[in-house]
Amino acid sequence: MRVLDGESLSPPPLWLMRQAGRYLPEYRKTRAKAGSFLDLCYTPEYAVEVTLQPIRRYGFDAAILFSDILVIPDAMKRNVRFTEGHGPEMDPIDETGIGRLDGEGIVDYLQPVLETVRRLRDTLPDETTLLGFCGAPWTVATYMIAGHGTPDQAPARLFAYKHPRAFEHLLMLLADVSADYLVAQIDAGADAVQIFDSWAGVLGEKEFESFAIRPVARMIASIKSRRPHARIIAFAKGAGYQLKTYRQKTGADAIGLDWSVPLAFAAELQKDGPVQGNLDPMRVVAGGRALDEGIDDILQHLGNGPLIFNLGHGITPQADPEHVRVLVDRVRGLM
Ligand code: CP3
């Protein structure tokens, strides 16, 4: 929280995107008990348990609510499912379907997630920040239009060119319900929230402005007008040079950086405020020198300014839990 307010701390606070997940044997155990992935997300008892697992094991400075960005389309009755080996799937939406969508009842439907947030804030020690999150409108829209993940989000890009009005309606609806949902997470006890725009990097210049910046700016303005103390991290993966103006145009307190962001450029971005990132998750899989050198480079370039140490994207199931231990100790200067 102090870094989000602009302080530089040494060592920097750290957490990892997807820190609760399949690389942990204890996660796989709870996941098997819970049944489906969405059952895990909607059962506070289990969702609290998996959120806490990486905190117990590593003592990260922040816990991130265990849920998924696709609970919003699930609340919009898009029949979201996670089948083993397929990734997420849902009923794809078209122009007519978008016309029929409304934002009613979304936050009500997500009460079990808000109950998880309340229980987490009651359970976690005061010094552990609790992060809430949601997907950015563009990234959530890409899954809603294709009905599944794709390598380059071609279906959503094409839809946006062909049906600009319907697409605009979808983005603005998602922005408004997502802002309400983040306000509800903050009221339930989240100390700060992160907006994940994992697919920002496939957008052209003008589209980045209209589909990534504008809806996120609308969300942040809406949240801050209602909860002025809210602290918001915006992560636009693959945004590259566009990050130069992203913080200022969206109003985010901190910006997340993926591992392709050059560290000299990251240090420039840090002059305007806190940054979060940006170790390549594959360095955690590799371990050894690749891990040590990646960590040291980030600390050397960004360690003197406001930094939240993190990966440049989610940790992967192949990561060795022992390598994560090494990462934590090295960032904290213990090895
Ligand atoms: O960071 C955390 O620990 C909190 C939990 C979290 C999950 N998903 C749990 C999850 C968060 C913050 C997310 C965000 C999310 N979900 C994003 C944005 C960040 C990113 O990684 O780009 C996206 C695009 C999704 C959509 C999604 N959910 C995909 C594409 C998948 C399948 C890929 C995979 O790893 O299997 C998921 C499933 C998912 N979400 C899992 C977890 C732990 C794995 C499901 C399982 O246990 O089988």
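Residues numbered from 1 in each chain as written. Predicted model: local features only at pLDDT ≥ 70, side-chain atom pairs only at ≥ 80, totals over all residues.

Peer 1: When you look at the nonpolar core in this model, what are you seeing that I'm missing?
Peer 2: Residues Ile72, Leu131, Ala212, Ile232 and Ala234 are the most contacted members of the largest nonpolar core, which totals 111 residues. Per-element accounting of this core gives the leading share, 13 residues, to helix H10 (residues 164-188). Those residues in contact with alanine 212 that lie beyond four places of it in its chain are Ala136, Trp138, Asp197, Ala200, Leu203 and Ala236. (Core = buried A, V, L, I, M, F, W, Y, C linked by C-beta atoms within 7 Å. Buried ≥ 20, exposed ≤ 12 C-beta atoms within 10 Å, placed from the backbone. Helix = DSSP H or I, 4+ residues; strand = E, 2+ residues; numbered from the N terminus. Contact = placed C-beta atoms within 7 Å.)

Peer 1: Just checking my understanding: could you explain the UniProt feature "site: Transition state stabilizer" (unreviewed entry) in the protein for this structure?
Peer 2: UniProt marks Asp68 with the feature "site: Transition state stabilizer" (unreviewed entry), using the numbering shown here. Tracing the backbone through its elements, the reader meets aspartate 68 in the loop between strand S1 (62-64) and helix H4 (71-75). Residue aspartate 68 is classed as buried on the basis of its 20 C-beta neighbours within 10 Å. (UniProt positions renumbered as here; feature names shortened; annotations may be inferred.)

Peer 1: Please clarify how the pairing of strand S4 (residues 129-135) should be interpreted in this entry.
Peer 2: Within a regular beta strand, the side chains point alternately toward one face of the sheet and then the other, so they alternate between its two faces. Most of S4 is tucked away: 7 of the 7 residues are buried. The alternating pattern of S4 places Thr129, Leu131, Phe133 and Gly135 and Leu130, Gly132 and Cys134 on opposite faces, both of which are buried. The pairing of S1 with S4 spans 3 bridges and is classified as parallel. Note on S4: the bridge partner recorded for isoleucine 64 is leucine 131. (Pairing = 2+ DSSP bridges.)

Peer 1: Can you help me understand the site of the ligand in this one?
Peer 2: In the vicinity of the ligand there are 23 residues, among which Ala20, Gly21, Phe196, Ser198 and Gly314 approach most closely. Elements supplying a minimum of two residues to the shell around the ligand: strand S3 (87-89) and S4. (Near = placed C-beta within 6 Å.)

Peer 1: What am I meant to see in helix H8 (residues 137-146) here?
Peer 2: Since there are 3.6 residues in each turn of an α-helix, residues three or four apart along the chain are aligned in direction. Along H8, 9 of the 10 residues are buried, which leaves the element largely enclosed by surrounding structure. Along H8, the positions that sit buried rather than exposed are Pro137, Trp138, Thr139, Val140, Ala141, Thr142, Tyr143, Met144 and Ile145. Glycine 147 sits one or two residues past H8 and shows a positive phi near 85°.

Peer 1: Sorry, what's going on with the packing of H10 against helix H11 (residues 205-226) here?
Peer 2: Each pair of packed helices gets described by two things: the angle between the helix axes and the distance between those axes. At a minimum axis distance of 9 Å, the contact between H10 and H11 shows a crossing angle of 35°. Taken as a pair, H10 and H11 cross one another with a handedness that is right-handed. Across the interface between the two elements, Leu171, Met172, Ala175, Ser178, Ala179, Leu182 and Val183 of H10 pack against Phe211, Pro215, Arg218, Met219, Ser222, Ile223 and Arg226 of H11. Grouping the constituent residues of the contact of H10 with H11 by class yields 10 nonpolar, 2 polar and 2 charged. (Axes fitted to C-alpha atoms, helices over the stretch in contact; angles between N-to-C directions. Left-handed = near helix turned anticlockwise from the far one by under 90°. Nonpolar A, V, L, I, M, F, W, Y, C, P; charged D, E, K, R; others polar.)

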